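# Structural features, examined
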Amino acid sequence: GAVVSQHPSRVICKSGTSVKIECRSLDFQATTMFWYRQFPKQSLMLMATSNEGSKATYEQGVEKDKFLINHASLTLSTLTVTSAHPEDSSFYICSAALREEAFFGQGTRLTVV
Amino acid sequence: KQEVTQIPAALSVPEGENLVLNCSFTDSAIYNLQWFRQDPGKGLTSLLLIQSSQREQTSGRLNASLDKSSGRSTLYIAASQPGDSATYLCAVGRGGSEKLVFGKGMKLTVNP
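Because the structure is a prediction, the values reported are computed rather than measured.

## A word on the pattern of salt bridges
Inspection of every chain in the model, using the stated rule, returns five salt bridges over all chains. Here Arg 24 of chain A makes a salt bridge to Glu 22 of chain A, at a shortest N to O gap of 3.5 Å. Residue Arg 61 of chain B is joined to Asp 84 of chain B by a salt bridge in which the shortest nitrogen-to-oxygen separation is 2.8 Å. Of the two residues, Arg 61 of chain B is situated in the loop between strand E6 (56–59) and strand E7 (62–67) and Asp 84 of chain B in the loop between strand E8 (72–77) and strand E9 (86–93); the sequence distance between them amounts to 23 residues.

Put into structure tokens, the structure is as follows:
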């Protein structure tokens, strides 16, 4: 299967700072990538759809100014959590599809202290 | 609005048992259904993808079936092993550029 790499796998930041998470498709090009958030013992909730060369599409209730998404190339999408607060602490996962099959990154555990 | 349900939420079995994991969805207008495995603190690993035109897919000890008309899919795990312990999620979608809708997952524990 295809490989999606996410970095970092774990990050701790201070409240009020910004954190950038990278998602790369290593062996294929992805015009669309997806960013999910997962709370403990909960399912994945789609936050936004990242579109190469255009603005991301955010799900209802997701603050676009807080969760900045940039999809500058066919292999890289970034999610920046701006002015992070403790309630932003969560597990963030990205995915990309190849021939209709979705492949996921390893996830990023964000802890805001 | 598509809703995906997985019941039960958790299952604990002895090693060697054959298992059936269930997934149901409310809107049958799906393009595909995908089963994933998630280990604690990790991302998702794709297990099987079933296109809407297909009825089942097999990979090793895993077999997944899809019945669109009834809104159901099952994941069959043969001869379960402790290494199969993980959370299994199913998700339905409308195609590669469309989002997936996930169930809450089923936590499987296979005891040696």
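## Points about the sheet that holds E8 of chain B
One open sheet holds the five strands; their spatial order is E1-E3-E8-E7-E6 (chain B), and the pairing between them is antiparallel. Taken across any chain shown, the strands that pair with only one partner, and hence form the sheet edges, are strand E1 (4–5) and E6 of chain B.

## Topic: the layout of surface pockets
As a volume, the largest pocket reaches approximately 870 Å³. For the lining of the largest pocket, the secondary-structure elements that each account for two or more residues are strand E4 (32–38) and strand E5 (44–51) of chain A together with E1, E9 and strand E10 (100–102) of chain B. Per-element tally for the lining of the largest pocket: the top contributor is E5 of chain A, with four residues. The class makeup of the residues in the lining of the largest pocket is 15 nonpolar, eight polar and 12 charged. Estimates place the volume of the second largest pocket at around 560 Å³. The wall of the second largest pocket is formed by 21 residues, among which Gln 38, Pro 40 and Lys 41 of chain A together with Gln 38 and Thr 87 of chain B lie closest to the centre. Every element with two or more residues in the lining of the second largest pocket is listed here: E9 and strand E11 (106–111) of chain B. Broken down by element, the lining of the second largest pocket gets its largest block of residues, three residues, from E9 of chain B. Across the lining of the second largest pocket, the residue classes break down as nine nonpolar, six polar and six charged.

## Remarks on the sheet that holds strand E8 (residues 76–81) of chain A
All names here are of chain A. With antiparallel pairing, four strands are arranged side by side in an open sheet as E1-E3-E8-E7. The sheet is open, and its two edges are formed by strand E1 (4–7) and strand E7 (67–73), each paired on a single side. When the angles between neighbouring strand axes are averaged without regard to direction, this sheet yields 15°. By the bridge criterion, six bridges tie strand E3 (residues 19–25) to E8 in an arrangement that is antiparallel. From the neighbouring strand, Arg 24 faces E8, where its bridge partner is Leu 76.

## Some words on unusual backbone geometry
Along the chain, His 7 of chain A connects to Pro 8 of chain A via a cis peptide bond; the corresponding omega equals 0°. Tracing the chain through its elements places Pro 8 of chain A in the loop between E1 and strand E2 (10–13). The residue after Ile 7 of chain B, namely Pro 8 of chain B, is reached through a cis peptide bond having omega 5°. Among the secondary structure elements, Pro 8 of chain B is positioned in the loop between E1 and strand E2 (10–14). Residue Ser 83 of chain A is not a glycine yet carries a positive backbone phi of 45°.

Rules and cut-offs
Residues numbered from 1 in each chain as written. Chains lettered and ligands numbered in written order. Predicted model: local features only at pLDDT ≥ 70, side-chain atom pairs only at ≥ 80, totals over all residues. Heavy atoms only, no water. Salt bridge = Lys/Arg side-chain N within 4 Å of Asp/Glu carboxyl O. Helix = DSSP H or I, 4+ residues; strand = E, 2+ residues; numbered from the N terminus. Pairing = 2+ DSSP bridges. 1 Å grid on protein atoms, 1.4 Å probe; cavity = no way out; pocket = protein on both sides within 12 Å on 5 of 7 lines; lining within 4 Å. Points joined across faces, edges and corners; volume = space filled by probe spheres on them. Nonpolar A, V, L, I, M, F, W, Y, C, P; charged D, E, K, R; others polar. Axes fitted to C-alpha atoms, helices over the stretch in contact; angles between N-to-C directions.

Geometric values such as these leave the question of function open.
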